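Listed below, chain by chain, are the residues.
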Amino acid sequence: MRLFTASIATETNTFSPIPTSLESYLSCFVARPGEHPDQPSLCTAPLFVARRRAQQEGFTLIEGSCFFAQPAGLTTRRAYETMRDEVLGQLKAAMPVDGVLLGMHGAMVADGYDDCEGDLLDHVRAIVGPDCVIGVELDPHCHLTLKRLRLADVIVLFKEYPHTDIVPRAEELVTLVLKTIRKEIRPVASLYDCGMIAFYPTTSEPNLSFVARQKSFEGKDGVLSVSFVHGFPHADVPEMGSRMLVYTDNAKPKGDALARQLGEEIIALRGKTAPPDLDFVDALDQALATNTANGPAIIAEPADNAGGGSASDNTMALHELIRRGVKGTAVAPLWDPVSVSFCHAVGPGGRVRLRIGGKTSDLSGDPVDADCEVLAVATDRWQSFGDAKAAVGDLAAVRIGGVDVILNTNRCQALGRELFTDLGLNPKSYRLLVLKSAQHFMAAYGPLASTVFYSETQGPSSQRYQTHDYHRIQRPKWPMEQDSPGKLIA
Ligand SMILES: [Zn+2]
């Protein structure tokens, strides 16, 4: 038995001003055959799992190239086609294969390609033929198109948000693909479109229980896999939205009924899945009124989340903290390579006049001009997210009055505590942390926090979806339209 695996992944925010080039992938994560590390990266879990299973179960795994770019705007046509053709060339050389495992994010949009994953699957299927089993692992923030459903044999999504279950879901995917190759099962898909888009953090109810509910159906009564497609709201592509995916062992009516039932449960939760989305000034009022004896209050800034394609250089929160003279506060991370280079030139203990943030577009706000004390600098760092490590580039911590700002060179969201600890700072010692992230910060920072608030500042990953200038998404779609029914679409 021979399997091929590869990965091309990013999450494209079509409202982001930041272009995604081939260099964006090569400088973020690339591993070509023979270069794959022992640990999984963000979308390479199928490779990581299949490598171990190949040794245990005696099949041959051919490892192709894996690419990942930090979420941003459209991928260039040249970048996508170059990566695609590299992987397809490897696949052709690997033929014949019994199975293909692809680790993809599922919300990649390139110039000329609304559905990169569907396009890649189209080319893969043309090479491997109808009998080869194709399995795909996707992020729940994907656009699960009908084209992908038709071309893949089985698709498994992460269930947790923050995505702490990438490896266990890859394990399930590999198991389903191997069983299908051995003709022990015949996966048949059912897909229900919920007619909506929303934010579903699984660290709080009702989403926490809904994860357990999905799992409760799996592995019995012919149900092979249940995945909930959260959808990625910051993309203006036709099939953006929340969907419910069920695979049964050749029991289509049963899968249809379950996909419909769970999809209707999500519809019934409209308006209840997301935590309150406060204006930043209101979140700040509440955070400052919080008892922080047991840990800092945290205010998340989803609108400027680099992990959703934003610049991470918006200054609204920083301006407000300085204006109010708030003490014992930190903002992290703020993307500003120029300021970081100035801090590294001056060194710890020095003072420097910086123009911070506010550079990328009008959504970044006005820069903050301030005399800063350089607290610490660090070179070529990373932060951890589960087993994965994400590069943050060079770091600098500066103090402006009572506000510490963690600046970095490699645009990223707040994931691991290394943002602070690598600079000799203790995140728990602050009264308030303002973190540029939508939800992934919760894995490392949630356990530290006395209270967590989600605030609205400004940026292309705003949680106020009605402010997005959609032209191409299928309508109606809640919350833009109140009357938006769900339907079984496959
Ligand atoms: Zn995601």
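Above: the structure in question.
A quick note: this is a predicted structure, and the numbers were derived from the prediction, not measured.

Student: Please clarify how the sheet that holds strand β7 (residues 187-193) should be interpreted in this entry.
Tutor: The strands that make up a sheet pair up through hydrogen bonds in the backbone, lying either parallel or antiparallel. Judged by pairing direction, the sheet is antiparallel, and its four strands sit side by side in the order β8-β9-β7-β19 without closing on themselves. Each edge of the open sheet carries a strand with a single partner, namely β8 (223-229) and β19 (487-488). Most of the contacts of helix α7 (residues 207-217) go to β8, to which it runs at about 155°, and overall it touches β8 and β9 (243-249).

Student: Would you mind going over the pairing of strand β18 (residues 451-456) with me for this structure?
Tutor: In the case of a regular strand, side chains alternate between the two sheet surfaces. Sheet topology note: the strand β10 (residues 277-279)/β18 ladder contains three bridges and is parallel. When the sheet's bridge partners are listed, D277 is paired in β18 with Y454. Relative to β18, strand β11 (residues 297-300) is paired through four bridges, and the arrangement is parallel. From the neighbouring strand, A297 faces β18, where its bridge partner is T451.

Student: Please explain the environment of H163 as it appears in this structure.
Tutor: By the element assignment, H163 lies in the loop between β6 (154-157) and α6 (166-181). Along the primary structure H163 and G386 are separated by 223 residues, whereas in three dimensions their C-alpha atoms are 8.6 Å apart. Ignoring sequence-local partners within four residues, the contact set of H163 consists of D139, P140, H141, F158, F385 and H440. Side chain to side chain, H163 and D139 meet in a polar contact 3.0 Å long. At 2.7 Å, the side chain of H163 and the backbone oxygen of E160 are in polar contact.

Student: When you look at the side chain of Q214 in this model, what are you seeing that I'm missing?
Tutor: With respect to the element layout, Q214 can be found in helix α7. The exposure class assigned to Q214 is buried, which follows from its relative accessible area of 2%. Beyond its immediate stretch of four places on either side in the chain, Q214 contacts K159, V226, S227 and F228.

The rules behind each value
- Residue positions are given per chain, counted from 1 along the sequence in the order it is written.
- Residue-level local features of this predicted model are given only where pLDDT is at least 70; pairs of side-chain atoms are given and counted only at 80 or more, and the full residue set underlies all totals for whole chains, interfaces and linings.
- For the side-chain quantities, the full set of heavy atoms in the structure was used; hydrogens and water were omitted.
- In short, DSSP must find at least two bridges between two strands for them to pair.
- Counting from the N terminus, the helices are the DSSP runs of H or I reaching at least four residues and the strands are the DSSP runs of E reaching at least two.
- The criterion used for residue contact is that any of the two residues' heavy atoms lie within 4.5 Å.
- Axis lines are fitted through C-alpha atoms, for helices just across the contact stretch, and the angle between N-to-C directions can take any value from 0 to 180 degrees.
- Pairs of N or O atoms within 3.5 Å make up the polar contacts considered here, provided that, within protein, one atom can donate a hydrogen while the other can accept it, and that residues adjacent in sequence are counted only when both atoms are side-chain atoms.
- In this scheme, a residue with accessible area under 20% of its type's maximum is buried, one over 50% is exposed, and one in between is partly exposed, where area comes from a 1.4 Å probe on protein chains only.

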